[in-house]
Amino acid sequence: MSTDGANIAGFRLAGRTWADDLGTWSSAVSADGRPGTALRFDPRLITDRATRDRLVAAVVADRRLAQSGLTGLVPIADLITAQDEVWLLTAEPVSPNVADLLADEPGIPRPDAGSAATILVEIAQTLLAIHAAGLAHGALHPGTVAIASDGSALLAERGLADALLGRPPAPERDVTAWASLARGLAASWAAADPRSAALLERAAATASTLGLTPARDTLLLGRDQLPPGFVTRDRLVEILRRRSERDMPTQVGQSARTPIMPDEGDIVTLLKDPRAGEPPTEDVIMRFGPGVPVDTTAAQIWRAGRDQQQTELPAAGFRGGGAPPRQRRARTILASVILALMIVAGLAIWLFRGSSVPLEVTKVDVAAPKAAQKCDTTVRILGVLSTNGSAGEVRYQWKRSDRKALISQTDQLVAGETSHEVSLEWTVKGEGGFKGTATLQVISPLPDGKKLQDKATFTYKCSK
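> Can you tell me about the overall build of the protein, naming the residues and giving the values?
A count of helical and extended segments in the protein gives 10 helices and 16 strands. Burial analysis of the protein (464 residues in total) assigns 46% to the buried set. Taking as baseline every contact in the protein between residues at least 6 positions apart, the subset at least 24 positions apart corresponds to 68%. Just so you have it, the protein exposes about 23,000 Å², and 54% of that area is on carbon and sulfur atoms.

See below:
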């Protein structure tokens, strides 16, 4: 199908086109004049019904994430077929993206280390929410990180590559990709600022060893090493404004005021296609409580019951015109009761298993501000205790280098929490210089014969 001025389900294709691993993207304008984009999938990637069904499931999952309040994804308007082609329509543009901003352009300022940190923190937040739902992005790279008009980072193509390739969600692949992106931005946007570049590199290393949450916190705790505007996205907004002004002559010719012609061809939305059955109705948020990992026994049993309901219930409706409505309702009610019982059983199994495995702390990490602290300040030392996820009591103590007395504390951890944060507030006053070292040591519980502790040092300089 030619895309030159074509209309697809109320979207007029206009402006530039570009190709990626999934197919061909086109900038577009919706019927109400809002900018968006359209992706024509490479037909070679959608060769059978199963692939298309996985694609539909991925899009439905995205829409459910958005309904649950997640704002870090490019919103999807529709998934359609048009003249034997499959199209994805987005309600926000997927460009400019980080790949676009990495290219030096005359008259356009270059993003700085603060821009990089902003984007990395927002991506980490979105990925953590996606992973908590039992999903993954699957193809995170500079080309799939769009920058919205307010400077915020939106992830595009979530789950699409995995759906087309038939791969299961792999959150660890997302973490590796995030670390790679952090290193790339450290070497490009932060190259002129060694302190900021070192912070981004440290966040990348933290992601590879401890995960996204500590990596995100590394950036937030090190904000004093970043340029001003880190939180407000000032520089990104300015860059987008400059790009918009540069492209204005082209956009005027493609104004949304151009009449929208009737859609061409037989267009069917796959999200409500009666020939494909109803789209998946699974709930993507499957957490049973704060901090509970997705892959608990309860979640696995829940998913098993959910998958059984999806594969068995529609089949009953396709037998010779279908069963009477009363019988269908009875089957639905029975399936719901069975599913509820399976959830309760799974929760019981998970709770009893959690109580039977004693709590164990496996690792300790301590971080302190790298920049010299100014006069009369309170320094916050952050510690992270990594555990096996069981519930129980943890006893630990802080040791300050300026005193002999130890600071002992006890915390109660809930089941499913594999990372527990603790902190030490250290107030320093007066003129002069000072170097303080805080040591965090776990007293119990510990692996047999193992001593767990870590320390961090900060500097204090004051001349009034």
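> Any chance you could break down the packing of helix H3 (residues 113-132) against helix H5 (residues 171-188) for me, citing the residues and the numbers?
A pair of packed helices can be characterised by two numbers: the angle between their axes and the separation between those axes. Contact geometry for H3 and H5: axes closest at 11 Å, N-to-C directions at 180 degrees. By the angle class used here, H3 and H5 are roughly antiparallel. In this structure, H3 contributes Ala116, Leu120, Ile123, Ala124, Leu127 and His131 to the contact, and H5 contributes Pro171, Asp174, Val175, Trp178, Leu181, Ala182 and Leu185.

> If you had to explain helix H1 (residues 49-67) to someone new, which residues and values would you point to?
Taking 1.5 Å per residue as the helical rise, H1 with its 19 residues ought to reach 27 Å, and the 27 Å between its terminal C-alpha atoms agrees with that figure. Buried within H1 we find Thr51, Arg52, Leu55, Val56, Ala58, Val59, Val60, Ala61, Asp62 and Leu65. Among the structural elements, strand S4 (35-41), strand S5 (76-82), strand S6 (85-90), H3 and helix H4 (160-165) are those in contact with the buried residues of H1. Looking one or two residues past H1, Gly69 carries a phi angle of roughly 110 degrees, positive in sign.

> How would you summarise the environment of Gln373 if you had to cite specific residues and measurements?
Relative to the elements of secondary structure, Gln373 occurs in the loop between strand S10 (361-367) and strand S11 (377-387). Residue classification places Gln373 among the buried positions, given a relative accessible area of 13%. Separated by 87 residues in the primary sequence, Gln373 and Tyr460 have C-alpha atoms spaced 4.6 Å apart. Sequence-distant contacts of Gln373, that is, excluding residues within four places in its chain, are made with Val379, Phe458, Thr459, Tyr460 and Lys461.

> An account of the packing of aromatic side chains is needed here, citing residue identities and associated values.
As enumerated under the stated definition, the model contains four aromatic pairs in all. Measuring from centroid to centroid gives 6.4 Å for Trp18 and Trp25, while their planes differ by 15 degrees, and the two rings are stacked. Both residues of the pair, Trp18 and Trp25, belong to the buried class. Members of the aromatic cluster, each reached through a chain of ring pairs, are Trp426, Phe434 and Phe458. Over the ring of Trp18 we find Arg16, and its NZ or CZ is 4.1 Å from the ring centre.

> So what's going on with the pattern of salt bridges? Residues and values would help.
Summed over all chains, the structure comprises 16 salt bridges. A salt bridge links Asp62 to Arg158; the nearest nitrogen and oxygen atoms lie 2.3 Å apart. Placement of Asp62 in helix H1 and of Arg158 in the loop between strand S8 (153-155) and H4 is noted, with a sequence separation of 96 residues between them. Per residue, the accessibility class of Asp62 equals that of Arg158, and both read buried. Of the charged contacts in the structure, one is a salt bridge between Arg183 and Glu201, with a shortest N-O distance of 4.0 Å. With Arg183 in helix H5 and Glu201 in helix H6 (residues 194-210), this residue pair connects regions lying 18 residues apart in the sequence. Judged by relative accessible area, which is 35%, Arg183 ranks as partly exposed. In this structure, a network of salt bridges that share partners links the residues Glu238, Arg241, Arg242 and Glu245.

> How would you sum up the sheet that holds S11? Please name residues and give values.
In sheet architecture, strand pairing relies on hydrogen bonds along the backbone and comes in two forms, parallel and antiparallel. If you trace the three strands from one edge of the open sheet to the other, you get S10-S11-S14, paired in antiparallel fashion. Strand pairing shows two members of the sheet lacking a second neighbour, S10 and strand S14 (419-428), which therefore form its edges. Mean inter-strand twist for the sheet, computed between neighbouring axes without regard to direction, equals 20 degrees. In the sheet, S11 pairs with S14 via 10 bridges, with the strands oriented antiparallel. When the sheet's bridge partners are listed, Arg380 is paired in S14 with Glu425.

> Quick one: what's the story with the pairing of S6, residue by residue and with numbers?
The buried count for S6 comes to six of six residues, which makes it a mostly enclosed element. Here S6 shows a buried face lined by Glu85, Trp87 and Leu89 and a second buried face lined by Val86, Leu88 and Thr90. As paired elements, S4 and S6 share four bridges and run antiparallel to each other. When the sheet's bridge partners are listed, Thr37 is paired in S6 with Thr90. As paired strands, S5 and S6 are joined by six bridges and run antiparallel to one another. The partner of Thr81 across the bridge, within S6, is Val86.

Procedures and definitions
- Residues numbered from 1 in each chain as written.
- Predicted model: local features only at pLDDT ≥ 70, side-chain atom pairs only at ≥ 80, totals over all residues.
- Heavy atoms only, no water.
- Helix = DSSP H or I, 4+ residues; strand = E, 2+ residues; numbered from the N terminus.
- Buried < 20%, exposed > 50% of the residue type's maximum accessible area, 1.4 Å probe, protein only.
- Contact = heavy atoms within 4.5 Å.
- Areas by Shrake-Rupley, 256 points an atom, 1.4 Å probe, with all protein chains shown as cover.
- Axes fitted to C-alpha atoms, helices over the stretch in contact; angles between N-to-C directions.
- Parallel < 35°, antiparallel > 145°, perpendicular 65-115°, else oblique.
- Expected span 1.5 Å × (residues − 1).
- Phe/Tyr/Trp six-rings, centres within 6.5 Å; stacked < 30°, edge-to-face > 60°.
- Lys NZ or Arg CZ within 6 Å of the ring centre and 35° of its normal.
- Salt bridge = Lys/Arg side-chain N within 4 Å of Asp/Glu carboxyl O.
- Pairing = 2+ DSSP bridges.

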